[in-house]
Amino acid sequence: MTRALFRQALDDLATKGATVNLWLRDDDAVIPTPALATLLDLTEPQGVPLTLAVIPEETDHALAEHLARRDRVSVAVHGWSHRSYSQPPAKKQELGLDRPSEIVLAELAQGLHKLSVLYGEQLLPMLVPPWNRIAPQLVEQLAGLGFECLSVFGREKPAPLLPLINTHIDVMDWRGTRGGRPSDELFGDLAAIINDGQRPAAIGILTHHLVHDAQAWAFLGELIAEASGHPACRWVSARDVIANA
Ligand SMILES: [Zn+2]
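Definitions and cut-offs
Residues numbered from 1 in each chain as written. Predicted model: local features only at pLDDT ≥ 70, side-chain atom pairs only at ≥ 80, totals over all residues. Heavy atoms only, no water. Buried < 20%, exposed > 50% of the residue type's maximum accessible area, 1.4 Å probe, protein only. Helix = DSSP H or I, 4+ residues; strand = E, 2+ residues; numbered from the N terminus. Pairing = 2+ DSSP bridges. Phe/Tyr/Trp six-rings, centres within 6.5 Å; stacked < 30°, edge-to-face > 60°. Lys NZ or Arg CZ within 6 Å of the ring centre and 35° of its normal. 1 Å grid on protein atoms, 1.4 Å probe; cavity = no way out; pocket = protein on both sides within 12 Å on 5 of 7 lines; lining within 4 Å. Points joined across faces, edges and corners; volume = space filled by probe spheres on them. Nonpolar A, V, L, I, M, F, W, Y, C, P; charged D, E, K, R; others polar.

Looking now at the pairing of strand E3 (residues 73–77). The buried count for E3 comes to 5 of 5 residues, which makes it a mostly enclosed element. Going residue by residue along E3, you find Val73, Val75 and Val77 tucked away on one face and Ser74 and Ala76 tucked away on the opposite face as well. Sheet topology note: the strand E2 (residues 50–54)/E3 ladder contains 5 bridges and is parallel. Opposite Val54, over in E3, you have Val77 as the bridge partner. Pairing geometry for E3 and strand E4 (residues 123–127), over 2 bridges, is parallel. Looking at E4, one finds that Val75 is bridged to Leu123.

Encoded structure:
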C-alpha cells in the first residue's frame, strides 16, 4: 500500500522537524463548468491554494466573475490559444519556433494583458506553456514581456532563465487509459520525491479538471485528506513559492 509509504515519508520528516511543501496547478480553464465546481469544492473547504492556468484567447468575464473573491485561487497564463503549430510527428507545441518568434511573443503579451485586466491582483505573472513545452529562445524574452516565472513539468533545471516553479506529479495517464493514474502509483511517486535529498522547494501536483474521471478525483481527494491533516505537510500557493525563492 503505497499510500502508507507516503504517510511514512511524512512521518519521517515530522520526526526530524522538517516539512514538505505541496502546490496545486490545474490547467485549461476557459469558462465555469461543473468540473471546475468539483475542483473548487474539493480544494476550498480544506484551504488548499489553487493556481488555475487559464487559456486567454476565448476566456472572458464569466470565469473571472466566478473566481473573484476566492482568495485561495490564483490565475496563470496558459499560452494564448492552446493550438499546436508543430508538424507531426513532432510533439504538440504552441510556443515553439514553428512561427516567427515575434508573433508568438506578441500573443503571449496579449494573453498576459488580457488576464491582467480580467483578474487584477488575482493574476500571477506566471507562464504555463501548453503541453509544458516552450522553446528556450522564447524563454529568454519572457521577462521583457512582464512574466516573472515559468511553470512546466519535471525537475527544475539549475540556473533557469526565469524562476521555475514546476509540477512533478501528473495525476493523468495521457498515453494509456487517458484517465486518472492509480492512487498507489501516485502516492509511491510522491514518497520517492519526498525521500529524495534533492527535493524541490515545493512539489507540484498537476491536474486537468475538464478530463478527470472518478479515479483522478478520488486521488485528489485522498491526497488532500492525507496531506492537509499532517504536521509535516503544507499546501502553499505559487505566490508563496515565488516570494520565498
Ligand atoms: Zn493545457
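Following the structure, the description resumes.
To continue, consider the packing of aromatic side chains. What the rule picks out here adds up to 2 aromatic pairs. Note on Phe6 and Phe187: the rings are 5.2 Å apart at their centroids and 40 degrees apart in plane angle, and the pair reads as tilted. Note that Phe6 is positioned in helix H1 (residues 2–15) and Phe187 in helix H6 (residues 183–195), a separation of 181 residues in sequence. Following the ring pairs from residue to residue traces out a cluster consisting of Phe6, Phe187 and Phe219. Over the ring of Tyr85 we find Arg99, and its NZ or CZ is 3.6 Å from the ring centre.

Approximately 1,000 Å³ is the volume found for the largest pocket. The wall of the largest pocket is formed by 35 residues, among which Pro130, Trp131, Asn132, Arg133 and Phe153 lie closest to the centre. Where the lining of the largest pocket is concerned, the elements lending two or more residues are strand E1 (20–29) and helix H5 (136–145). Among the elements that make up the lining of the largest pocket, the one with the highest residue count is E1 (3 residues). Taken together, the residues of the lining of the largest pocket sort by class into 18 nonpolar, 5 polar and 12 charged.

Geometric values such as these leave the question of function open.
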